[in-house]
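# Per-entry structural report
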Amino acid sequence: GRRLMRFYGVPDEKIAEGMYSADESLFDPEKVDVSKKEKRIVYVGQYIDRKNVLAVCRAFEQSGIAADGWSLEMYGSGPLKDQIPYAQPFVQPEQLPEIYRRAKAFILASKEEHWGLVVHEAALSGCYLMLSELVGAADDLLGEKNGVKFDPFKLADMVAAFRRLAAMSDEEMWEAGRASMEIAKSRGLRSFLKGVEMVK
């Protein structure tokens, strides 16, 4: 986008960068209490091959963390729904904030994902992020403490990510949730609008 604006003759100091972001009034970090989150891992999106949803199910089962009380909840719709034992029906946007707020972690194992709005929603909601290294949002929303990247084509890599999550202490999980929210708040519409104000 910056290169295109330069092509049209707009100087760098007049360009504000932003991205497709979650509605911060709906996914409000101020309403999140990371200490009350449950051992839930959520996925929100289409049940299609590009999202690698069947591999997520296999990796969760192989990780064995369900024995420690962890659950996997997948919300969406698509042709692979009948093959997903953790499938929940599609939910309206207004229902998503509460789903994210109750979950300790969010997973997106896509084989290709240019950004991923759902990652911003989950981060604003204080979730630990488990992201494929091919999810573009990982570069913007994943820090040192708030999640993990994995190779979506290596099941063992994803299994290890699940086990790493389950091995975290409560304090580490709370810190990860707070870190997710701080990073997410710096990437949304409000920060973009501040940038627009600065280049006027």
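See the structure shown above.
Rules and cut-offs
- Residues numbered from 1 in each chain as written.
- Predicted model: local features only at pLDDT ≥ 70, side-chain atom pairs only at ≥ 80, totals over all residues.
- Heavy atoms only, no water.
- Helix = DSSP H or I, 4+ residues; strand = E, 2+ residues; numbered from the N terminus.
- Buried < 20%, exposed > 50% of the residue type's maximum accessible area, 1.4 Å probe, protein only.
- Patch = residues over 30% accessible without salt bridge, like charges linked within 9 Å, V, L, I, M, F, W, Y side chains within 5 Å.
- Areas by Shrake-Rupley, 256 points an atom, 1.4 Å probe, with all protein chains shown as cover.
- Salt bridge = Lys/Arg side-chain N within 4 Å of Asp/Glu carboxyl O.
- Axes fitted to C-alpha atoms, helices over the stretch in contact; angles between N-to-C directions.
- Parallel < 35°, antiparallel > 145°, perpendicular 65-115°, else oblique.
- Left-handed = near helix turned anticlockwise from the far one by under 90°.
- Contact = heavy atoms within 4.5 Å.
- Nonpolar A, V, L, I, M, F, W, Y, C, P; charged D, E, K, R; others polar.
- Expected span 1.5 Å × (residues − 1).
- Phe/Tyr/Trp six-rings, centres within 6.5 Å; stacked < 30°, edge-to-face > 60°.

Structurally, Asp-139 is set in helix α5 (residues 137-141). Note on Asp-139: relative accessible area 63%, which makes it exposed.

Nonpolar side chains collect at one region of the surface, where Leu-4, Met-5, Phe-7 and Tyr-8 lie side by side and expose about 480 Å² of accessible area between them. Looking at the secondary structure, you find Tyr-8 in the loop between α1 (2-7) and β1 (38-46). Overall, the relative accessible area of 58% leaves Tyr-8 in the exposed class.

Interhelical geometry of helix α2 (residues 53-63) versus helix α6 (residues 155-166) gives an angle of 55° and a closest axis separation of 8 Å. Viewed along their axes, α2 and α6 adopt a mutual orientation that is oblique. The way α2 lies across α6 gives a crossing that is right-handed. Where α2 approaches α6, its residues Ala-55, Val-56, Arg-58, Ala-59, Phe-60, Gln-62 and Ser-63 are matched on the opposing element by Leu-155, Met-158, Val-159, Phe-162 and Arg-163. For the contact of α2 with α6, the class distribution of residues is eight nonpolar, two polar and two charged.

As a further point, take the pattern of salt bridges. Counted under the stated rule, the structure contains ten salt bridges. Lys-51 serves as the salt-bridge partner of Glu-113, at 2.9 Å between the closest nitrogen and oxygen. Placement of Glu-113 in the loop between β4 (103-108) and α4 (117-124) and of Lys-51 in the loop between β1 and α2 is noted, with a sequence separation of 62 residues between them. Grouping residues by exposure puts Glu-113 and Lys-51 together as buried. Here Glu-175 makes a salt bridge to Lys-145, at a shortest N to O gap of 2.8 Å. Taken together, the positions of Glu-175 in helix α7 (residues 170-185) and Lys-145 in the loop between α5 and β6 (147-150) put the pair 30 residues apart, joining distant regions of the chain. Using a relative accessible area of 35% as the deciding quantity, one classes Glu-175 as partly exposed. The network of salt bridges with common partners includes Glu-38, Arg-40, Glu-73 and Arg-102.

With 16 residues, α7 extends 23 Å between its outermost C-alpha atoms, agreeing within 8% with the 22 Å of an ideal straight helix rising 1.5 Å per residue. Of all the positions in α7, only Met-173, Ala-176, Gly-177, Ala-179, Ser-180, Met-181 and Ala-184 are classed as buried. Elements that come into contact with the buried residues of α7 comprise β4, α4, β5 (128-132), α5 and α6.

On to the packing of aromatic side chains, then. Applying the stated criterion across every chain, the model contains six aromatic pairs. Taking the centre distance of 5.4 Å and the plane angle of 85° together, the rings of Phe-60 and Tyr-86 count as edge-to-face. Placement of the pair is Phe-60 in helix α2 and Tyr-86 in the loop between β2 (71-77) and β3 (87-88), with a sequence separation of 26 residues. Here Phe-60 matches Tyr-86 in class, with each residue buried. Through a chain of ring-to-ring contacts, the aromatic side chains of Phe-27, Tyr-100 and Phe-106 assemble into a single cluster.

Moving on: the environment of Phe-106. Here Phe-106 lies in strand β4. In this structure, the C-alpha to C-alpha distance between Phe-106 and Ser-125, residues 19 residues apart in sequence, is 9.9 Å. Contacts of Phe-106, omitting those with residues within four sequence positions, involve Val-42, Tyr-43, Val-44, Tyr-100, Val-118, Val-119, Ala-122, Cys-127, Tyr-128, Leu-129, Met-130 and Leu-131.

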